Amino acid sequence: MSHLDAPGLMSHLDAPTIIRTKRDGGILGNDAIDWMIDGYTHGRVADEQMSALLMAIFLRGMTAAEIARWTAAMVDSGERLDFTDLRRAGKPLALVDKHSTGGVGDKITIPLVPIIMACGGAMPQAAGRGLGHTGGTLDKLESIPGFTAEISRAQIRRQLCDLGAAIFAAGELAPADRKIYALRDVTATTESLPLIASSVMSKKIAEGTRALVLDSKVGSGAFLSTEAESRELARTMVDLGTEHGLITRALLTDMDTPLGRAVGNAVEVVESLEVLSGGGPDDVVELTVALAREMLDLAGVDGVDPAQTLSDGSAMDRFRALVAAQGGDLSAPLPIGAHTETVTATCSGTMGDIDAMAVGLAVWRLGAGRSEPGQRVQSGAGMQIHRRPGESVAAGETLFTLYTDTPQRFESALSELDGAWSVGDHAPAVRPLIIDRIT
């Protein structure tokens, strides 16, 4: 195995040699990684070259040392935020954040942020857009008329003090990751442990939080479908956080079945509002509250019950204030696809498993995701799941409703769903939503 490092010889490095080294199973040294990340950030390395390296990493993997250096180089590609000087009632802010590795129907951040606000925590949430078959928090929130995540550093600081949260695009945080993230989305290189770990942690290390809880997904709808891979990813991210002074914890959670009953952009906001109103699907509520408890524990906030903020309306009040502060209007109607298609049951019985990956791909086909960098998503594209695994089904009733503004998309979306669900005589085995906890 070759080892590419060039201490003192940065000027002699070049992209083809670095790509070739990783393509052939070699290890990239610190200088090679630093040179490639810096070159791509500043336009000296072309998209085609970085795409080739990403595919080589996807196929060949990275050592722990390579992942650590890749992450550090992405952090160093931009600025780092610092909120340690901020105070509320004379006390330092209880700064904490959460990140999910990506799932189908995973709208958890939307109700979670106002819960943390209502409990006295402070959440600087550098959120992302959709990646592959998974949705992005920014794409979902931007379906709210007027909402913007492009807010200034001054506004982020002000909102953290006055409201307790800000949801913002990463911007100049880890700008190398922003460019690489967009490439991964359209080059089939999303499902890579090194690239997932470094992408997540570079943004979280740079955003200025003190503690982080990770939601590492396990199952067909996750980027890494096996529990072993998801455990390794969680362990890698926890270790990266610890190395950078960020108190980090991870939950392994199930993603074989979509979360909740809504998958898409605006439809997930609607479901999140149901949760904030004290209702919503049980699994969405369970995971939201579990993550909130972990976050409040890491932030040192005690004596509060996050579930109570849903029943007493305080989390909803905080969400309204947050959305208004960022230009959004929750009184305006949320968009919904102009065209609909339904899938109905051909027989009576019990709903079997629903494949999360197939649902995610179907919603992507409907226009909720991107097939090229910078492409606008359809805010109204999505899917309603009317019967979840284990629920009774009557012949002829609607099981899924699909939404899009471009009806020619229905054929490919429906083909993704073909064979992804079943109705039978027995309920499928019940899997725990929260599988394990890694510290």
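In this text the structure is predicted, and so the values were computed from the model without any measurement. Along each chain, residues carry numbers from 1 onward, in the same order as the chain's sequence is written. Local features are withheld for residues below a pLDDT of 70 in this predicted model, meaning they are given only at 70 or higher, and side-chain atom pairs are given and counted only at 80 or more; totals for whole chains, interfaces and linings count all residues. Neither water nor hydrogens contribute to the side-chain values; these are computed over all heavy atoms in the structure.

Colleague: Pulling in residues and values, what's your account of the overall build of the protein chain?
Modeller: Broken down by element type, the protein chain carries 16 helices and 17 strands. Atoms considered for the radius of gyration are the C-alpha atoms alone. The globule rule reads 2.2 Å times the number of residues to the power 0.38. Here the C-alpha atoms of the protein chain give a radius of gyration of 22 Å, agreeing with the 22 Å that 2.2 N^0.38 yields for 439 residues. Each principal axis of the C-alpha atoms in the protein chain carries an extent, and together these give about 70 × 55 × 40 Å. Whether a residue is buried, partly exposed or exposed follows from its accessible area with a 1.4 Å probe, protein chains only, as a fraction of its type maximum: under 20%, in between, or over 50%, in that order. Here the protein chain holds 439 residues, and the buried ones make up 56% of them. Only DSSP runs of H or I covering at least 4 residues are called helices, and only runs of E covering at least 2 are called strands; the numbering of each starts at the N terminus.

Colleague: With reference to specific residues and values, describe the layout of surface pockets.
Modeller: Using a grid of 1 Å spacing that covers the protein atoms alone, one calls a set of points a cavity when a 1.4 Å probe fits there but cannot get out, and a pocket when the set is open and has protein on both sides within 12 Å along at least five of seven lines; lining residues are those with an atom within 4 Å of a point. Grid points are joined across faces, edges and corners, and a volume is the space filled by probe spheres set on the points. In this structure, the largest pocket spans a volume of roughly 620 Å³. For the largest pocket, the lining is made up of 27 residues, of which R129, L138, D139, E142 and R370 are closest to its centre. Among the secondary structure elements, those contributing two or more residues to the lining of the largest pocket are α6 (137-141) and α8 (175-186). No other element matches α8, which puts six residues into the lining of the largest pocket.

Colleague: Describe helix α4 (residues 64-75), with residues and values.
Modeller: In a regular helix each residue adds 1.5 Å, so twelve residues correspond to 16 Å; α4 covers 17 Å between its end C-alpha atoms and thus fits that length. Restricting attention to buried positions, one finds in α4 the residues E66, I67, W70, T71, A72, A73, M74 and V75. In this scheme, a helix's expected span is set at 1.5 Å multiplied by one less than its residue total.

Colleague: Quick rundown of the packing of helix α1 (residues 15-23) against helix α3 (residues 47-60)? Include the residues and the values.
Modeller: Throughout, an axis means a line fitted to C-alpha atoms (over the contacting stretch in the case of helices), and angles, computed between N-to-C directions, take values from 0 to 180 degrees. It is at 8 Å that the axes of α1 and α3 come closest, and there the two elements cross at 15 degrees. Compared by their axis directions, α1 and α3 come out roughly parallel. The handedness of the crossing between α1 and α3 comes out as left-handed. When α1 is examined against α3, the residues A15, P16, I18, I19, K22 and R23 are found in contact with a partner set consisting of Q49, A52, L53, A56, I57 and R60. Any angle between 65 and 115 degrees counts as roughly perpendicular, while under 35 counts as roughly parallel, over 145 as roughly antiparallel, and the rest as oblique. Whether a crossing is left-handed or right-handed is set by the direction in which the near helix is turned from the far one by less than a right angle, anticlockwise for left-handed and clockwise for right-handed. We call two residues contacting when some pair of their heavy atoms lies within 4.5 Å.

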